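Read off the chains here:
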Amino acid sequence: MNFTKGLTSAALLAALTTAGIGGMAYAQEDTIKVGILHSLSGTMAISETTLKDAMLMLIEQQNEKGGLLGKQLEAVVVDPASDWPLFAEKARELIEGDNVAAVFGCWTSVSRKSVLPVFEELDNILFYPVQYEGEESQRNVFYTGAAPNQQAIPAVDYLMENDGVERWVLAGTDYVYPRTTNKILEAYLKDHGVAEEDIMINYTPFGFSDWQTIVSDIKNFGSEGKKTAVVSTINGDANVPFYKELANQGISASDIPVVAFSVGEEELAGLDTAPLVGHLAAWNYFQSVDTDANYDFIDAWHAFTGDDARVTNDPMEAHYIGFNMWVKAVEKAGTTDPDAVIDALIGVSVPNLSGGYSAMMPNHHITKPVLIGEIQDDGQFDIVYETPGLVAGDAWSDFLPDSKNLIADWRAPMSCGNFNVETGKCGGMAE
């Protein structure tokens, strides 16, 4: 085997310069490589760049503890540039060229869908840290972000019960996560007696900026005497002009509250938040969580970045959980071999930042608390609601006819991501 395959020139130089009298120290023999697959440019850079930085911090911290299996960890960072097909290319580069033991990455579901065949073909591991639409459980993927029952459904319940919302605007970016999530929410709302004419659905492209007409339509939709709310699955930098236009048209949280699933502290850092006070976000973590573990994490983040103004957010915590789960599973398996680690990950439990523990379940989703936060004028969130306990992520929605009979369990003997309890078969929908 050619040991130089996949090494960058810098890495190869490092390997050469560390050679001793007894022979050459090969880089891939001396370190365990960890792939970081996040957009550092393009429309999603506003959200993903900080996740790259968070992973670098976690890897540095682990190395300070002595590394893993007696070796230091080495981060391999690539930039798929918010280009969905490029995610697959970069994933292949990390696995085949750089020989990474696992990959932490993706944000949008379209990027995750792009890389799924690569991880399956090359039998590697992806930790996916962002809320998503569910309707998936793949053997090589561990979903540390929220499934719909850990974010979208509780957010709608909160607005119904606390604000008496009767009319609903489902506004999203035009790709798989918003469309599938809104399909679930539409079915859920109708199951709860909401009429079709009281549901408005709108999709816009990535990077959309001309919100005047759409916000005007939302304003008109909310002016018919029924309490109205916006459920936002708008992703990336399109959120900045969206919230600005809400303020321009005088829409306050008391008029038409917005609950967002992709707006956290990082996204608010680019906004004048004064007009947005009172609007909501649903996550499983906020920087304002009052626990010692969270304060330690924030202190470490500020020390690592050298910037006390840098915020933390939910997907960062998901990487914190996922990374620590991977470390624990590797130690449990005694190897970084993906097959052994995949089996070892099920049942692993590690601390989260909200004061409890999150566990990896047989469906490759984790247990998490659900929090609703209200935007404050300093760009932070006041936590106004928290589930009484942890919520287990549901890979398949109970509210869609094609998936309500499906479960996922990657333990033997089932080892299936879509087992139909009605037909007793793995692989799919009822015939």
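Note that the structure is predicted; figures quoted are calculated from it, not measured.

Caption draft 1: Structural context of helix H13 (residues 338–345). Residues of H13 that are buried: Pro338, Val341, Ile342, Ala344 and Leu345. Angular distribution of buried residues about the axis of H13 spans 170°; they occupy a single face of the element. Check the buried side of H13 and you find it contacts strand E4 (126–128), strand E5 (141–143) and helix H12 (314–333).

Caption draft 2: Inspection of the pattern of salt bridges at higher detail. All chains considered together, the criterion is met by 17 salt bridges. The salt bridge involving Arg139 is made with Asp339; its shortest N-O contact spans 2.6 Å. Linking Arg139 in the loop between E4 and E5 with Asp339 in helix H13, this pair joins segments that are 200 residues apart in sequence. Among the residues examined, Asp339 registers a relative accessible area of 30% and is labelled partly exposed. With a shortest N-O distance of 2.7 Å, Arg179 and Asp174 are connected by a salt bridge. Take Asp174: its relative accessible area is 39%, and that puts it in the partly exposed class. One network of salt bridges, with partners in common, ties together Arg112, Lys113, Glu133 and Glu136.

Caption draft 3: Representation of the packing of helix H8 (residues 212–221) against helix H9 (residues 239–248) in the model. One way to put it is that H8 packs onto H9 with a least axis distance of 10 Å and a crossing angle of 55°. The orientation of H8 with respect to H9, classified from their angle, is oblique. Where H8 crosses over H9, the handedness of that crossing is right-handed. Contacts from Gln212, Val215 and Ile218 of H8 reach H9 at Phe242, Glu245 and Leu246. Looking at the contact of H8 with H9 residue by residue, the class counts come to four nonpolar, one polar and one charged.

Caption draft 4: Inspection of the state of the cysteines at higher detail. Applying the stated rule across the entire model yields one disulfide. The residue that forms a disulfide with Cys416 is Cys426, at a sulfur-sulfur distance of 2.1 Å. Judged by the sign of its S-S torsion, about 95°, the bond between Cys416 and Cys426 is right-handed. Here the residue Cys416 occupies a position in strand E18 (residues 416–420), and Cys426 occupies one in strand E19 (residues 425–426), the gap between them amounting to 10 residues. Taking the relative accessible area as the measure of exposure, Cys416 reaches 1% and is therefore buried. Residue Cys426 is classed as partly exposed on the basis of its relative accessible area, which comes to 48%.

Caption draft 5: Looking closely at the pairing of strand E15 (residues 381–386). By the bridge criterion, five bridges tie strand E14 (residues 371–375) to E15 in an arrangement that is antiparallel. Note on E15: the bridge partner recorded for Leu371 is Glu386. Following E14, the chain reverses through five residues before pairing antiparallel with E15; Gly379 in that reversal takes a positive phi of roughly 85°.

Caption draft 6: Main features of the side chain of Ser111. As for its position among the elements, Ser111 is in helix H5 (residues 109–122). Since its relative accessible area comes to 0%, Ser111 is described here as buried. A distance of 2.6 Å separates a polar side-chain atom of Ser111 from the backbone oxygen of Thr108. Discounting residues that sit within four places of it in the chain, Ser111 has contacts with Trp84, Phe87 and Cys106.

The rules behind each value
- Residues numbered from 1 in each chain as written.
- Predicted model: local features only at pLDDT ≥ 70, side-chain atom pairs only at ≥ 80, totals over all residues.
- Heavy atoms only, no water.
- Buried < 20%, exposed > 50% of the residue type's maximum accessible area, 1.4 Å probe, protein only.
- Helix = DSSP H or I, 4+ residues; strand = E, 2+ residues; numbered from the N terminus.
- Arc of directions from axis to C-beta.
- Contact = heavy atoms within 4.5 Å.
- Salt bridge = Lys/Arg side-chain N within 4 Å of Asp/Glu carboxyl O.
- Axes fitted to C-alpha atoms, helices over the stretch in contact; angles between N-to-C directions.
- Parallel < 35°, antiparallel > 145°, perpendicular 65-115°, else oblique.
- Left-handed = near helix turned anticlockwise from the far one by under 90°.
- Nonpolar A, V, L, I, M, F, W, Y, C, P; charged D, E, K, R; others polar.
- Disulfide = S-S within 2.5 Å.
- Pairing = 2+ DSSP bridges.
- Polar contact = N/O pair within 3.5 Å; in protein donor to acceptor, adjacent residues only side chain to side chain.

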